[in-house]
Amino acid sequence: LSRFERQEWPDFLIQTVEQHGWMQVAVISSQETHLPSDPRFLLLSPDAEIPATVQAVVLYYALDHVREPETLLARLPRHLPVLSLNHNAGFYYSWVLLLLGKWEEGIYGLRMRRNLRYFTSRSLLRMFGAQGYQVGSALKHVSRFTPNPTVLKLLALVGKPVDLDI
């Protein structure tokens, strides 16, 4: 797992819960969440009903793991804030792997075997908008590593695709 998944995302989520004073947050996921044990987090499968006591919903890679993420979004209670953690198919490393023919399924990350849908930042925002959600903010995980200049040259050969995030 990346440092982001082990530490940064759980820290961000706990801070957000504390800032808003949420007492119960539904965490929808079909995988292990790596969140600390916290009574405020109610772990639910993507097909579970959201209890009335929940004050917010976290989609923990849930949209990546269902065939029809639009259906999952459509059945969420509209009065609740939604936080969504998703893999970004527009991240430069994914593009490089595809260009080099090295896309291999893995256990974690974008290439996880259970991923049924892939999103770029733009396509994810478009899907939320199409479902009637107002997006308050979108936070992108920024890699701590600068791409190798050779990688940047390779990407320059194909031009800068609209959804590429470096």
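See the structure shown above.
Only a predicted model underlies this, so the values are computations on that prediction, with no experimental measurement involved. (Residues numbered from 1 in each chain as written. Predicted model: local features only at pLDDT ≥ 70, side-chain atom pairs only at ≥ 80, totals over all residues. Heavy atoms only, no water.)

## Some points on the overall build of the protein
Along the backbone of the protein there are five helices and four strands. Helices and strands appear in the protein in the N-to-C order α-β-β-β-α-β-α-α-α. Going through the 166 residues of the protein one by one, you find that 43% of them count as buried. Across the protein, contacts joining residues at least 24 apart in sequence account for 66% of those joining residues at least 6 apart. Carbon and sulfur atoms provide 55% of the accessible area of the protein, an area that totals close to 9900 Å². (Helix = DSSP H or I, 4+ residues; strand = E, 2+ residues; numbered from the N terminus. Buried < 20%, exposed > 50% of the residue type's maximum accessible area, 1.4 Å probe, protein only. Contact = heavy atoms within 4.5 Å. Areas by Shrake-Rupley, 256 points an atom, 1.4 Å probe, with all protein chains shown as cover.)

## Notes on the pattern of salt bridges
It is possible for side chains of opposite charge to pair when their charged atoms get near one another. Applying the stated criterion to the full structure yields two salt bridges. With its nearest N and O atoms 3.8 Å apart, the salt bridge here joins Glu-18 to Arg-40. With Glu-18 in helix α1 (residues 3-20) and Arg-40 in the loop between β1 (25-28) and β2 (41-44), this pair connects stretches of sequence that are 22 residues apart. On the basis of relative accessible area, Arg-40 is assigned to the buried category, the value being 18%. Residue Arg-40 pairs with Asp-38 through a salt bridge whose shortest N-O separation is 2.7 Å. For the residue pair Arg-40 and Asp-38, the accessibility class agrees, reading buried in each case. (Salt bridge = Lys/Arg side-chain N within 4 Å of Asp/Glu carboxyl O.)

## Focus on the nonpolar core
In this structure, Ile-28, Ile-50, Val-57, Leu-59, Leu-63, Leu-73 and Leu-76 are the most contacted members of the largest nonpolar core, which totals 20 residues. For this core, the elements supplying multiple residues, two or more each, are β1, β3 (56-60), α2 (69-74) and α4 (121-130). It is α4 that contributes the most residues to this core, three residues altogether. Once residues lying within four places of it in the same chain are set aside, the contact partners of Leu-76 are Ile-28, Ile-50, Val-57, Leu-59, Val-82 and Tyr-133. Counting 15 residues, the second-largest nonpolar core is a separate cluster that includes Trp-9, Trp-22, Leu-35 and Leu-85. (Core = buried A, V, L, I, M, F, W, Y, C linked by side-chain atoms within 4.5 Å.)

## Things to note about a nonpolar patch on the surface
A cluster of nonpolar residues, Leu-99, Leu-100, Leu-157 and Val-158, forms a patch on the protein surface that exposes about 400 Å² of accessible area. Tracing the backbone through its elements, the reader meets Leu-99 in helix α3 (residues 92-99). (Patch = residues over 30% accessible without salt bridge, like charges linked within 9 Å, V, L, I, M, F, W, Y side chains within 5 Å.)

## Things to note about the sheet that holds β1
Strand order in the open sheet formed by four strands is β2-β1-β3-β4, with parallel pairing between adjacent strands. Bordering the open sheet on either side are β2 and β4 (82-85), each of which pairs with just one other strand. Each strand axis lies, on average, 20° off the axis of its neighbour in the sheet, ignoring direction. Here β1 runs beside β2; their pairing, made up of four bridges, is parallel. Pairing of Val-27 across the sheet is with Leu-43, part of β2. (Pairing = 2+ DSSP bridges. Axes fitted to C-alpha atoms, helices over the stretch in contact; angles between N-to-C directions.)

## Re the packing of aromatic side chains
This model, assessed by the stated rule, comprises three aromatic pairs. Taking 5.2 Å as the distance between ring centres and 85° as the angle between the ring planes, the aromatic pair formed by Tyr-60 and Tyr-61 counts as edge-to-face. Among the residues examined, Tyr-60 registers a relative accessible area of 0% and is labelled buried. Using a relative accessible area of 3% as the deciding quantity, one classes Tyr-61 as buried. Between Phe-128 and Tyr-133 the ring centres are 5.5 Å apart and the planes differ by 80°, which places this aromatic pair in the edge-to-face class. On the accessibility criterion, Phe-128 (8% relative accessible area) is buried. (Phe/Tyr/Trp six-rings, centres within 6.5 Å; stacked < 30°, edge-to-face > 60°.)

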